[in-house]
Amino acid sequence: MQCLCTHNKNCHIHTSENPKSLSNRMRNNKRYMLMHTHFPKTFAKALQQARLRASFTVEAAFVLPLFLFAALVVLGIFPVLKLQTQVNAGLQYAARMTASACHDEDGSALTTVVSVAEEQLLFRKYMNDHGYESSVLTNDLASIVLYDESSEEDYVTLVASYDAKLPIAFWKLSSLPVSQCVKMKKWTGDDPGDDGSEDAEYVYITPTGSAYHTSADCSYLKLSTRSVSFSEIDSLRNKSGGIYYPCSCYNGSSLVYVTDYGTEYHSDLNCSSLKRTIYKVNIDDVGDRHACSKCG
């Protein structure tokens with residue numbers, strides 16, 4: 001077959017090539033040569049613009065995923081902030097109810113110490129009634145652990161600890177530990193010791209206790225209630241080294257509640273054994289009670 005190229009006499013064309021594709025290729029070659037020969041500057045500029053368009057496409061391929069990743073991280077923070085607001089409101093409700101329980105209507109020197117179990121119930125009740133961002137929690141409300149860290153006699157201090165799930169896991173880091181605290185003044189009114197009896201000494205007793213306590217923060221007065229799995233009960237010991245026995249409220253549940261110095265495990269947080277009322281009385285009114293071994 002005779003070569004149709006006008007610019008290259010040494011061009012060799014395979015005889016097996018399709019005539020139609022050959023015609024198209026020849027037409028493109030002629031256009032290329034005309035542009036390159038008669039319009040060199042325009043041709044170079046067109047090539048440069050083509051390269052620039054391609055470079056922007058490559059940059060976008062790198063930047064767009066990073067932008068989307070950053071946007072997802074920022075959007076994922078909002079549910080965590082929403083949950084923190086809800087937990088703070090629940091803590092304030094539980095602390096307010098606990099503080100109000102320290103007020104006696106008849107004006108006597110009564111200080112009711114609400115157990116951590118009751119505070120946990122108040123907190124969960126508020127959260128269930130008002131709603132919460134459950135998608136952030138690793139195990140729903142059960143993952144929020146409540147502590148009563150009331151180190152001052154006249155204040156209620158509640159601390160909630162939980163793990164908040166991250167919107168995107170970073171290697172092995174899929175959640176972050178969060179701790180929130182609320183402190184509220186107890187509704188105890190005036191101090192009975194301010195009635196002019198400067199030498200009066202007041203202590204704390206319980207209705208069924210055999211000892212009196214000089215501090216309301218005594219560990220024997222505070223019920224540090226925590227939930228454990230029933231499978232751990234046999235190997236679990238209280239802080240006095242004793243074992244735990246089933247309470248009359250135990251109903252065979254897999255999750256039970258124990259206290260640090262208690263001797264029983266419970267299925268119901270409303271069990272009367274998990275509640276405690278403390279009276280603040282004059283030391284002359286303690287009767288045959290003896291001094292506490294820890295604070296007396």
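Throughout this description, residue numbers start from 1 for each chain and increase along the sequence as written. Where totals are concerned, whole chains, interfaces and linings use all residues; where local detail is concerned, this predicted model gives features only for residues with pLDDT of at least 70, and gives and counts side-chain atom pairs only at 80 or more. To get the side-chain values, take all heavy atoms of the structure and skip hydrogens and water.

1. Structural notes on the overall build of the chain
And step 1. For the purposes of this entry, the term helix denotes a DSSP run of H or I that reaches at least four residues, the term strand denotes a run of E that reaches at least two, and both are numbered from the N terminus. The helix and strand tally for the chain stands at three helices and 12 strands.
And step 2. Of all 296 residues assigned to the chain, the portion counted as buried reaches 31%.
And step 3. Note on areas: Shrake-Rupley with a 1.4 Å probe; residue coverage comes only from the protein chains shown. Accessible surface, the chain: about 18900 Å² in total, of which carbon and sulfur atoms supply 54%. Only protein chains enter the area calculation, which uses a 1.4 Å probe; residues under 20% of their type maximum are buried, those over 50% are exposed, and those in between are partly exposed.

2. Some thoughts on the sheet that holds strand β2 (residues 145-148)
Strands in a sheet are paired, the pairing made by backbone hydrogen bonds, and the direction either parallel or antiparallel.
And step 1. In space, the three strands of this open sheet follow the order β2-β3-β4, with antiparallel pairing throughout. Each edge of the open sheet is held by one strand with a lone partner, namely β2 and β4 (173-185). On average, adjacent strands in this sheet sit at an angle of 25° to one another, irrespective of strand direction.
And step 2. One bridge is not enough; two strands pair if DSSP finds at least two bridges between them. Where strand β3 (residues 155-170) and β4 come together, 12 bridges link them in antiparallel fashion. Opposite Asp-163, over in β4, you have Pro-177 as the bridge partner.
And step 3. For this analysis, residues touch if any pair of their heavy atoms sits within 4.5 Å. Here an axis means a line fitted to C-alpha atoms, over the contact stretch when the element is a helix, while the angle between two N-to-C directions is reported on a 0 to 180 degree scale. Docked against the sheet, helix α3 (residues 116-130) engages β2 and β3, running at close to 130° with respect to β2.

3. Some details on the nonpolar core
Nonpolar side chains in soluble globular proteins tend to be buried together.
And step 1. Put simply, a nonpolar core is a bunch of buried Ala, Val, Leu, Ile, Met, Phe, Trp, Tyr and Cys residues held in one set by side-chain atoms that sit within 4.5 Å of each other. Judged by nonpolar contacts, the single largest core of 25 residues is most densely connected at Leu-83, Val-87, Leu-91, Phe-123, Met-127, Ile-144 and Tyr-162.
And step 2. The set of elements that each furnish at least two residues to this core consists of α2 (40-100), α3, β3 and β4.
And step 3. At eight residues, α2 tops the list of elements feeding residues into this core.
And step 4. Those residues in contact with Val-87, other than ones at most four positions away along the chain, are Phe-123, Met-127, Ile-144, Ala-160, Tyr-162 and Gln-180.

4. Concerning α3
And step 1. Its 15 residues give α3 an end-to-end C-alpha distance of 21 Å, which sits within 8% of 21 Å, the value for a rise of 1.5 Å per residue.
And step 2. If you check which residues of α3 are buried, you get Val-116, Ala-117, Glu-118, Glu-119, Gln-120, Leu-122, Phe-123, Tyr-126 and Met-127.
And step 3. Of the residues trailing α3, Gly-131 is marked for its positive phi of about 85°. Given a helix with a known number of residues, its expected span is that number minus one, times 1.5 Å.

5. Some details on the pattern of salt bridges
And step 1. Definition used for salt bridges: Asp or Glu carboxyl oxygen within 4 Å of a side-chain nitrogen of Lys or Arg. Applying the stated rule across the entire model yields three salt bridges.
And step 2. Between Lys-82 and Glu-133 there is a salt bridge; the shortest N-O distance is 3.6 Å. Of this pair, Lys-82 sits in helix α2 while Glu-133 sits in the loop between α3 and β2, and the two are 51 residues apart along the sequence.

6. Digging into the packing of aromatic side chains
And step 1. When two rings of Phe, Tyr or Trp (its six-membered ring) have centres within 6.5 Å they constitute a pair, described as stacked for plane angles under 30 degrees, edge-to-face for angles over 60, and tilted for the intermediate range. All chains considered together, the criterion is met by four aromatic pairs.
And step 2. Seen from their ring centres, Phe-230 and Tyr-265 are 5.8 Å apart, and the 65° between their planes marks the pair as edge-to-face. Residue Phe-230 is found in the loop between β7 (226-229) and β8 (245-246), and its partner Tyr-265 is found in strand β10 (residues 264-265); the two are separated by 35 residues along the sequence.
And step 3. We classify Phe-230 as partly exposed; its relative accessible area is 36%.
And step 4. Pairing Tyr-250 with Tyr-265 gives two aromatic rings, centres 5.2 Å apart and planes at 85°, and the pair type is edge-to-face. Residue Tyr-250 is located in the loop between β8 and β9 (255-258), and its partner Tyr-265 is located in strand β10; the two are separated by 15 residues in the primary sequence.

7. A closer look at the state of the cysteines
And step 1. We call a pair of cysteine sulfur atoms a disulfide when they lie within 2.5 Å. Tallied over the full model, the rule gives zero disulfides.
And step 2. There is no disulfide at Cys-218, and the cysteine sulfur nearest it, in Cys-295, is 3.7 Å away.
And step 3. Cys-218 sits in the buried class, given a relative accessible area of 5%.

Spatial relationships are all this shows, so hold off on functional conclusions.
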